Every structure is written in C-alpha cells, then in structure tokens.
Amino acid sequence: NASINSPLFDKAMELVKERNGCWDTDLALTILQACGIQNPEILIEDSTREVRTVQRLTESLRAQVNRCEEAISMLKDVAFEFGTGRVLEHRRRFLSDLAVVFSGALYSK
C-alpha cells in the first residue's frame, strides 16, 4: 500500500500535474498501484474500444444539443419578431390550410 509520502503517490501526483485533463492508461495504472492494486488486469483493447464508443456518443450528444439550442434560438427569435398575436394567427392559418389538404376537397383562394 502506498501512503501520502510514498514514491508511488509522488509519481501519480506528478503524472496528474503533467497531464492535466489528458489521462491515459499509464496514469490509471500508476494511480491503481499507488492505491495498493498491483495487478489490475486491465485489457487495453477493451478499454480503448469502450473509450472510443464513449467519445463517439459524446460527440453525437454534443451535436444534438447544439441542434436543439439552434432550434430554440430560432423559435425565440420568431416569437419575439411576430409577437404572440401574430404567432397565433400564423398557427390558425397553417392549421386551416392543413385541414384543407387532408380533407381531400379542392380549394381555391
């Protein structure tokens, strides 16, 4: 077991400071050893594949959140531009036109 004054603890802290925000398997193994785990049996291939999957999912989530943010921004702009009354009028006209489309009747203005 490593204590706060042990070389393993010092090595782990040094790696943490050097790789601020960029941890890798070397750092993880050093931390595990500093905690007293001598043989963590980590399969690098499996963990790397899982990390890539998490990164891909994170990027996808970030893109979806950005799209939602853009849509909300556009909706806010439309609502402020038209005001509540004009939005309701546009909505009423849209629903009326939609009803004509689905009624199957011919309609001319």
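Residues numbered from 1 in each chain as written. Predicted model: local features only at pLDDT ≥ 70, side-chain atom pairs only at ≥ 80, totals over all residues. Heavy atoms only, no water.

**Student:** I would appreciate a short explanation of the overall build of the protein in the present structure.
**Tutor:** When you go through the protein residue by residue, the secondary structure sums to 3 helices and 0 strands. Listed by position from the N terminus, the elements making up the protein come as α-α-α. Counting all 109 residues of the protein, 6% fall into the buried class. The long-range share in the protein, meaning contacts at least 24 apart out of those at least 6 apart in sequence, stands at 18%. Carbon together with sulfur atoms contributes 59% to the accessible area of the protein, which is approximately 9500 Å² in total. (Helix = DSSP H or I, 4+ residues; strand = E, 2+ residues; numbered from the N terminus. Buried < 20%, exposed > 50% of the residue type's maximum accessible area, 1.4 Å probe, protein only. Contact = heavy atoms within 4.5 Å. Areas by Shrake-Rupley, 256 points an atom, 1.4 Å probe, with all protein chains shown as cover.)

**Student:** Whenever I open this one, the pattern of salt bridges confuses me. Can you help?
**Tutor:** Close approach of charged atoms allows side chains with opposite charge to pair. Applying the stated criterion to the full structure yields 2 salt bridges. The residue Glu89 makes a salt bridge to Arg93 at a minimum N-O spacing of 3.9 Å. Of this pair, Glu89 and Arg93 both sit in helix α3 (residues 44–103), separated by 4 residues, roughly a single helical turn. A relative accessible area of 33% means that Glu89 is categorised as partly exposed. Look at the salt bridges and you will find they share partners, linking Glu89, Arg92 and Arg93 into a network. (Salt bridge = Lys/Arg side-chain N within 4 Å of Asp/Glu carboxyl O.)

**Student:** Just to check I follow, could you spell out a nonpolar patch on the surface for this structure?
**Tutor:** Together, Phe94, Leu95, Leu98, Val101 and Phe102 give the surface a local cluster of nonpolar side chains, amounting to about 540 Å² of exposed area. Of note, Leu95 is situated in helix α3. Accessibility expressed as a relative area gives 42% for Leu95, which makes it partly exposed. (Patch = residues over 30% accessible without salt bridge, like charges linked within 9 Å, V, L, I, M, F, W, Y side chains within 5 Å.)

**Student:** What is the right way to look at helix α2 (residues 25–34) in this model?
**Tutor:** A turn of α-helix holds 3.6 residues, and therefore any two residues three or four places apart point the same way. What α2 keeps buried is the set Leu27, Thr30 and Ala34. Buried residues of α2 fall within an arc of 65° about the axis and therefore sit on the same side. Close packing links the buried residues of α2 with α1 (7–18). Positioned one or two residues after α2, Gly36 has a phi angle of 100°, which is positive. (Arc of directions from axis to C-beta.)

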